[in-house]
Amino acid sequence: SCFRSIRKHCRQELIVLDDSNTFDYIKLPDVIVEKYRAGKIRRAHFADIVRVELLYEHGGIWLDSTAFVTAPIPDWIIDLDFFVYMVGNVGQKYSYMQNCFIRARKGVYLLAAWRAMILDYWMRENHSFDYFMHQLLFRTLVENDPRAKKYFAKMPHVDQDPTHALWWDWHDKPFNKDEFDNVTSGAFFQKTAYADAPRPGT
């Protein structure tokens, strides 16, 4: 359903990635690939590495496979050099930003510096320091690097909450078209999940 929704609403070229084709598009340091294959880097964190590497090398848009799209990606987002949604009231506030949707032009500074932090960490370490480490590294970057701080300040800071409205409050309720249209009107996509959604703070 998510794939069909993306294909229906997004005019951009769509490439679906998995272990069989990821390395057709990127090249990572051998030590990081070996750590992933040995189970030292979890699949979720490897996907974090991959999304930034892809955007750094090619530019474009990263959208998680669990995103259900209800409208085209707004032009104002497409026109930006870099954009992520900011974390508001839903989920773990300390994670700072959302990485299920990232818009970035090839090689832009925010992406390049974030990528360098991620690669440097995994070149040296064998374990994550937090499930949201990808987001926390970004936060460290934009709060401490003057150049990153300048570019980040220019990026529109848009709350992610409307992109989670459907799943948090309606995922276990019967479908109602009027409610669906109302709930999904605040964003062009809704983040879903494979598992039952825990409530915020649980």
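Notes on the structure follow. (Residues numbered from 1 in each chain as written. Predicted model: local features only at pLDDT ≥ 70, side-chain atom pairs only at ≥ 80, totals over all residues. Heavy atoms only, no water.)

### Digging into the overall build of the chain
Move 1: Of the regular secondary structure elements, the chain holds nine helices and five strands.
Move 2: Start at the N end of the chain and walk to the C end: the helices and strands fall as α-α-α-β-β-α-β-β-α-α-α-α-α-β.
Move 3: The globule rule puts the C-alpha radius of gyration for 202 residues at 17 Å, and the 17 Å found for the chain is close to it.
Move 4: If one aligns the C-alpha atoms of the chain with their principal axes, the spans along those axes are about 50 × 40 × 35 Å.
Move 5: Taking all 202 residues of the chain together, 45% fall into the buried category.
Move 6: Sequence separation of at least 24 residues holds for 74% of the intrachain contacts in the chain that already meet a minimum separation of 6.
Move 7: With the model as given, the accessible surface of the chain reaches about 11100 Å², and the carbon-plus-sulfur share is 52%.
Move 8: Computed over 26 positive and 26 negative side-chain charges, the inter-centroid distance for the chain is 3 Å. (Helix = DSSP H or I, 4+ residues; strand = E, 2+ residues; numbered from the N terminus. Rg over C-alpha atoms; globule rule 2.2 N^0.38 Å. Buried < 20%, exposed > 50% of the residue type's maximum accessible area, 1.4 Å probe, protein only. Contact = heavy atoms within 4.5 Å. Areas by Shrake-Rupley, 256 points an atom, 1.4 Å probe, with all protein chains shown as cover. Lys, Arg positive; Asp, Glu negative; His and termini not counted. Charge placed at Lys NZ, Arg CZ, Asp CG, Glu CD.)

### Quick word on the packing of aromatic side chains
Move 1: Under the criterion given, the structure shown has 21 aromatic pairs.
Move 2: Residues Tyr-36 and Phe-46 carry aromatic rings whose centres are separated by 3.8 Å and whose planes lie at 5° to one another, so their mutual orientation is stacked. Residue Tyr-36 is found in helix 2 (residues 30-37), and its partner Phe-46 is found in helix 3 (residues 43-58); the two are separated by ten residues along the sequence.
Move 3: Its relative accessible area of 5% is what places Phe-46 among the buried residues.
Move 4: Taken together, a centroid distance of 5.1 Å and an interplanar angle of 85° make the contact between Tyr-121 and Trp-122 edge-to-face. The same class applies to Tyr-121 as to Trp-122, namely buried.
Move 5: Members of the aromatic cluster, connected to one another through ring pairs, are Trp-76, Phe-83, Tyr-85, Phe-101, Phe-188 and Phe-189. (Phe/Tyr/Trp six-rings, centres within 6.5 Å; stacked < 30°, edge-to-face > 60°.)

### Re the sheet that holds strand 4 (residues 97-104)
Move 1: Spatially, 1-4-3 is the arrangement adopted by the three strands of the open sheet, whose pairing is antiparallel. The sheet is open, and its two borders are formed by strand 1 (60-63) and strand 3 (82-86), each paired with just one other strand. Neighbour to neighbour, the strand axes of the sheet diverge by 20° on average, direction disregarded.
Move 2: Here four bridges tie strand 3 to strand 4, and the two strands are oriented antiparallel to one another. Looking across to strand 4, one finds that Met-86 is bridged to Met-97. (Pairing = 2+ DSSP bridges. Axes fitted to C-alpha atoms, helices over the stretch in contact; angles between N-to-C directions.)

### Quick look at the pattern of salt bridges
Move 1: Going through the model one piece at a time under the given rule, you end up with ten salt bridges.
Move 2: The closest approach of N and O atoms between Arg-43 and Asp-19, which form a salt bridge, is 3.1 Å. Taken together, the positions of Arg-43 in helix 3 and Asp-19 in the loop between helix 1 (2-9) and helix 2 put the pair 24 residues apart, joining distant regions of the chain.
Move 3: Two residues, Arg-51 and Asp-64, come together in a salt bridge whose shortest N-O distance is 3.3 Å. Of the two residues, Arg-51 sits in helix 3 while Asp-64 sits in the loop between strand 1 and strand 2 (67-69), which places them 13 residues apart along the sequence. (Salt bridge = Lys/Arg side-chain N within 4 Å of Asp/Glu carboxyl O.)

### Some remarks on empty space enclosed by the protein
Move 1: Evaluated as defined, the whole model comprises one cavity of 30 Å³ or more.
Move 2: Approximately 40 Å³ is the volume found for the largest cavity.
Move 3: Lining the largest cavity, in full, are His-45, Asp-48, Ile-49, Ile-118, Trp-122, Met-133 and His-134.
Move 4: Of all the secondary-structure elements, those providing two or more residues to the lining of the largest cavity are helix 3, helix 5 (109-124) and helix 6 (133-144). (1 Å grid on protein atoms, 1.4 Å probe; cavity = no way out; pocket = protein on both sides within 12 Å on 5 of 7 lines; lining within 4 Å. Points joined across faces, edges and corners; volume = space filled by probe spheres on them.)

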